[in-house]
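One-letter residues, chain by chain:
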Amino acid sequence: MTGLTFLAALLPSALLLIYFIKKDRFPEPTHLLVKTFLFGVVSVVPIVILENCILTAVLPLSGTALKPLLTAFVVAGFSEELFKFLILHFFCAKKRDFDEPMDAVVYGVVASLGFACLENVLYVMNGGMWVAVVRSITAVPAHAAMGALMGYFYAKQHFGEARRARLMSKALWVPILAHGIYDVFPMCISDGVVHPTEDVALTLILMSAWVAFIVWLFWSAVAISNEMRNTQSAR
């Protein structure tokens with residue numbers, strides 16, 4: 001892995017971190033942002049352990065359409081979003097500086113990008129510059145967007161007058177659902193359920209839908225950050 005490739009693996013997370021942190025009118029303490037990011041990085045270890053445990057149960061379904069669905073929504077979606085949620089709920093939300101809705105979005109994005117950054121480096125180490133380019137406009141922005149979704153629903157519950165448990169559950173299952181939808185197309189390819197060279201029309205349709213979903217997902221994250229920024233009153 002060359003220095004240029006390593007930089008290409010880090011750059012997407014760094015740019016997205018800057019973007020979402022700068023959206024906050026009242027930036028969070030640097031030490032809390034750094035700790036949240038590092039928790040996201042370290043979460044890769046328990047996530048991989050959990051994913052491998054679940055994957056063992058899913059392996060007998062290899063070759064069936066059910067395997068990519070379970071891999072996308074349960075193995076990847078549930079495992080990864082669960083640990084991001086735990087960081088947000090048990091670390092970030094307990095801090096005194098976690099005092100307005102925008103904070104939930106910022107910390108949700110930062111925790112997600114901590115995970116995404118290390119995951120991206122590991123993928124790029126094996127795949128090289130082409131993987132870095134593709135993931136810079138797909139996987140990394142998607143992780144940031146899922147963190148924003150998580151933060152949005154968490155903020156609605158944590159700072160809302162009703163403090164409804166339903167919104168708290170949405171902070172977990174909405175990102176899991178989005179993660180699964182994002183992953184299911186690549187999983188269908190890698191598991192051999194869809195063969196790009198044979199199922200050309202189907203592949204083009206699914207790929208178009210996949211790209212459209214990524215665009216919508218990131219657009220939603222930007223809209224969320226703008227909405228939360230507009231709720232920030234002058235101090």
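Data block above holds the structure.
Please read all numbers here as calculations on a predicted model, not as lab measurements.

### As for helix α2 (residues 30-42)
Helix length check: α2 (13 residues) gives 18 Å between terminal C-alpha atoms against 18 Å at 1.5 Å per residue, within 8%. Those residues of α2 that sit buried are Leu32, Leu33, Thr36, Phe37 and Gly40. Down the axis, α2 shows its buried residues gathered within 135 degrees of arc, on one side only. What points out from α2, more than 90 degrees from its buried face, is the exposed set Thr30 and Val42. The secondary structure elements touched by the buried residues of α2 are α1 (3-23), α3 (44-58), α4 (66-90) and α5 (101-127).

### So, the pattern of salt bridges
Scanning the entire structure with this criterion turns up four salt bridges. Between Asp191 and Lys67 there is a salt bridge; the shortest N-O distance is 3.3 Å. Remark: Lys67 occurs in helix α4 and Asp191 occurs in the loop between α8 (165-190) and α9 (200-230); sequence separation between them is 124 residues. Classification of Asp191 by relative accessible area gives partly exposed; the value is 22%. Residue Lys67 is classed as buried on the basis of its relative accessible area, which comes to 9%. In this structure, Glu227 engages Lys156 in a salt bridge whose closest nitrogen and oxygen atoms are separated by 3.6 Å. Remark: Lys156 occurs in helix α7 (residues 139-158) and Glu227 occurs in helix α9; sequence separation between them is 71 residues. Judged by its relative accessible area of 34%, Glu227 is partly exposed.

### With respect to the nonpolar core
Counting residues in each nonpolar core, the largest one holds 50 residues, and the members touching the most others are Phe98, Leu113, Tyr154, Tyr182 and Leu217. No other element matches the 13 residues that α7 contributes to this core. Setting aside residues no more than four positions away along its own chain, Leu217 makes contact with Ala142, Ala145, Met146, Leu149 and Ala178.

### A closer look at the packing of α2 against α5
Contact geometry of α2 with α5 gives a least axis separation of 7 Å together with a crossing angle of 45 degrees. By the angle class used here, α2 and α5 are oblique. Crossing geometry of α2 relative to α5 is assigned as right-handed. Contacts between α2 and α5 involve Leu32, Leu33, Thr36, Phe37, Gly40 and Val41 on the former and, on the latter, Val106, Tyr107, Val110, Ala111, Leu113, Gly114, Phe115, Cys117 and Leu118. Across the contact of α2 with α5, the residue classes break down as twelve nonpolar, three polar and no charged.

About the cut-offs
Residues numbered from 1 in each chain as written. Predicted model: local features only at pLDDT ≥ 70, side-chain atom pairs only at ≥ 80, totals over all residues. Heavy atoms only, no water. Helix = DSSP H or I, 4+ residues; strand = E, 2+ residues; numbered from the N terminus. Expected span 1.5 Å × (residues − 1). Buried < 20%, exposed > 50% of the residue type's maximum accessible area, 1.4 Å probe, protein only. Arc of directions from axis to C-beta. Contact = heavy atoms within 4.5 Å. Salt bridge = Lys/Arg side-chain N within 4 Å of Asp/Glu carboxyl O. Core = buried A, V, L, I, M, F, W, Y, C linked by side-chain atoms within 4.5 Å. Axes fitted to C-alpha atoms, helices over the stretch in contact; angles between N-to-C directions. Parallel < 35°, antiparallel > 145°, perpendicular 65-115°, else oblique. Left-handed = near helix turned anticlockwise from the far one by under 90°. Nonpolar A, V, L, I, M, F, W, Y, C, P; charged D, E, K, R; others polar.

All quantities given are derived from atomic positions and should not be read as evidence of function.
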